[in-house]
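Descriptive structure summary
If you want the building blocks of each chain, they are given just below.
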Amino acid sequence: MANAAIIAELNRNTENRAKLIEEIVKLERKIFPKHESYAAFFDNELKRKNAGLLYLHADAELVGYVMYSWPSSLYASITKLAVKEQWRKQGHGEALLKAAIQKCKTRKVSRIMLHVDPSRTPAVSLYKKHGFQVDRLIEGYYSLERHAYVMYLELDSN
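Structural notes, computed from the coordinates.

Cut-offs applied
Residues numbered from 1 in each chain as written. Predicted model: local features only at pLDDT ≥ 70, side-chain atom pairs only at ≥ 80, totals over all residues. Heavy atoms only, no water. Phe/Tyr/Trp six-rings, centres within 6.5 Å; stacked < 30°, edge-to-face > 60°. Lys NZ or Arg CZ within 6 Å of the ring centre and 35° of its normal. Pairing = 2+ DSSP bridges. Helix = DSSP H or I, 4+ residues; strand = E, 2+ residues; numbered from the N terminus. Axes fitted to C-alpha atoms, helices over the stretch in contact; angles between N-to-C directions. Contact = heavy atoms within 4.5 Å. Expected span 1.5 Å × (residues − 1). Buried < 20%, exposed > 50% of the residue type's maximum accessible area, 1.4 Å probe, protein only. Polar contact = N/O pair within 3.5 Å; in protein donor to acceptor, adjacent residues only side chain to side chain. Salt bridge = Lys/Arg side-chain N within 4 Å of Asp/Glu carboxyl O.

Considering all chains together, one arrives at three aromatic pairs under this definition. When the ring of Tyr141 is compared with that of Tyr142, the centres are 4.9 Å apart and the planes differ by 90°; the resulting orientation is edge-to-face. Arg111 extends its terminal NZ or CZ atom over the ring of Tyr152, reaching a point 4.1 Å from the ring centre. A cation sits over an aromatic face here: Arg146 above Tyr142, 4.6 Å from the ring centre.

For the rest of this paragraph, the subject is the sheet that holds strand E4 (residues 75–83). Here we have seven strands laid out as an open sheet, ordered E1-E2-E3-E4-E5-E7-E6, and mixed in their pairing. Edge positions in the sheet fall to strand E1 (6–9) and strand E6 (133–143), since each of these pairs with one other strand and no more. Each neighbouring strand pair of the sheet contributes to a mean axis angle of 25°, computed without reference to strand direction. In terms of strand pairing, strand E3 (residues 61–69) meets E4 through six bridges, oriented antiparallel. Its bridge partner being in E4, Tyr68 is matched across the sheet by Ile78. On top of the sheet, helix H1 (residues 17–31) reaches strand E2 (51–58), E3 and E4; it is set at about 85° to E3, its chief contact.

Look at helix H3 (residues 92–106): 21 Å from first C-alpha to last across 15 residues, which is about the 21 Å you get at 1.5 Å a residue. Listing the buried residues of H3 in full gives His92, Gly93, Ala95, Leu96, Leu97, Ala99, Ala100, Ile101 and Cys104. Directly beyond the C-terminal end of H3, a positive phi value near 60° is found at Lys108.

With that settled, consider the environment of Thr14. Within the secondary structure, Thr14 sits in the loop between E1 and H1. For Thr14, a relative accessible area of 12% corresponds to the buried category. Residues Thr14 and Lys98 lie 84 residues apart in sequence; the distance between their C-alpha atoms is 21 Å. Looking at Thr14, its side chain comes within polar contact range of the main-chain nitrogen of Asn11, at 2.8 Å.

Here the focus is unusual backbone geometry. Unusually for a residue other than glycine, Asp59 sits at a positive phi of about 50°. Its location among the elements puts Asp59 in the loop between E2 and E3. On the basis of relative accessible area, Asp59 is assigned to the exposed category, the value being 52%. Residues other than glycine seldom take positive phi values, yet Lys89 does so here, at roughly 60°. Tracing the chain through its elements places Lys89 in the loop between E4 and H3.

Attention now goes to the pattern of salt bridges. Side-chain pairs of opposite charge can arise whenever the charged atoms involved come near each other. As enumerated under the stated definition, the model contains eight salt bridges in all. Two residues, Glu28 and Lys80, come together in a salt bridge whose shortest N-O distance is 3.1 Å. With a gap of 52 residues between them, Glu28 in helix H1 and Lys80 in strand E4 connect regions that are remote in the sequence. Relative accessible area serves as the criterion here: at 0%, Glu28 is assigned to the buried category. Its salt-bridge partner being Lys129, residue Glu94 comes within 3.0 Å of it at the nearest N-O pair. With Glu94 in helix H3 and Lys129 in helix H4 (residues 121–129), the pair connects residues that are 35 residues apart, well separated along the chain. For Lys129, a relative accessible area of 57% corresponds to the exposed category.

Structural data, given as structure tokens:
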């Protein structure tokens with residue numbers, strides 16, 4: 001990972017918030033198919049009291065982001081994790097995932113869940129590396145031909 005990489009949390013007081021959201025929306029549109037993208041309602045999603053977003057900047061550029069929520073006191077969800085293509089395989093996705101797990105731990109939830117396309121092998125490997133387990137496969141989750149693993153990570157109650 002680049003030495004100048006910084007992970008920060010997006011909040012109402014974030015400097016250049018509108019510009020940053022615009023950059024994240026562009027990345028969202030580029031990486032995810034239209035029907036999987038939060039781009040159209042990104043700002044609304046971020047206004048929810050039980051949602052958070054961490055972003056990573058390196059060399060004055062948005063590199064990636066992770067979005068998470070805690071729908072109940074029992075579990076949290078990682079809803080998006082994205083890294084620009086030219087910044088992949090440099091530890092940025094892992095850094096974002098670790099930071100999101102840490103944030104979820106502060107909510108004292110017992111489980112983190114996520115959905116991932118099984119064909120996104122690097123993502124599945126990353127999640128497994130950090131202790132996520134496959135719970136089940138949902139056929140046709142993303143589209144008729146694209147399925148999703150439901151994965152979970154049990155957190156210590158300590």
